[in-house]
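Examining the three-dimensional arrangement
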Amino acid sequence: MKKYVMALDLVNDPQLIKEYEDYHRAVWPEIKRSILDAGVTQMEIYRFENRLFMNMEVGEDFSFEKKSAMDAANEKVQEWEQLMWKYQAAIPGAKPGEKWVMMNKIFELV
């Protein structure tokens, strides 16, 4: 099992942040299914102010390329992603159009 940790910012507006959290309290079933079908076994998103951190655990068959291809072919995922852009802002250092940015692990207590 692999783990990935990613970061993303939200538009720094309390009302938009509330709406974003509301959507994530009731994620569309098609979105949950697409995440599981891509090989993600566990996902958590945390927020501090307008910064988000996502922890993902994935199975051996997971790849970001496979997930991207699956997402591109799924109309409901495309609808969700378009909707989420209203709330999301690229984190400093992100490439143009990039949403979630991979974080590097710098410490692990063993």
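The structure reproduced in this document is the subject of the present report. (Residues numbered from 1 in each chain as written. Predicted model: local features only at pLDDT ≥ 70, side-chain atom pairs only at ≥ 80, totals over all residues. Heavy atoms only, no water.)

1. A few points about the side chain of Lys-99
Relative to the assigned elements, Lys-99 resides in the loop between β4 (88–89) and β5 (101–102). Taking relative accessible area as the criterion, Lys-99 reaches 12% and is therefore assigned buried. Here Gln-88 takes part through its side chain, which lies 3.0 Å from a polar atom of the side chain of Lys-99. (Helix = DSSP H or I, 4+ residues; strand = E, 2+ residues; numbered from the N terminus. Buried < 20%, exposed > 50% of the residue type's maximum accessible area, 1.4 Å probe, protein only. Polar contact = N/O pair within 3.5 Å; in protein donor to acceptor, adjacent residues only side chain to side chain.)

2. Quick notes on the pattern of salt bridges
Under the counting rule described, the total for this entry stands at 12 salt bridges. A salt bridge links Glu-21 to Arg-25; the nearest nitrogen and oxygen atoms lie 3.3 Å apart. Taken together, the positions of Glu-21 and Arg-25, both in helix α1 (residues 14–25) and four residues apart, correspond to about one turn of that helix. In this structure, the salt-bridge partner of Asp-61 is Lys-66, at a minimum N-O distance of 3.6 Å. By relative accessible area, which is 29% here, Lys-66 ends up partly exposed. Put simply, Lys-18, Glu-21, Asp-22, Arg-25 and Arg-47 are held in one network by salt bridges that share partners. (Salt bridge = Lys/Arg side-chain N within 4 Å of Asp/Glu carboxyl O.)

Remember, this is a structural readout, not a statement about activity or role.
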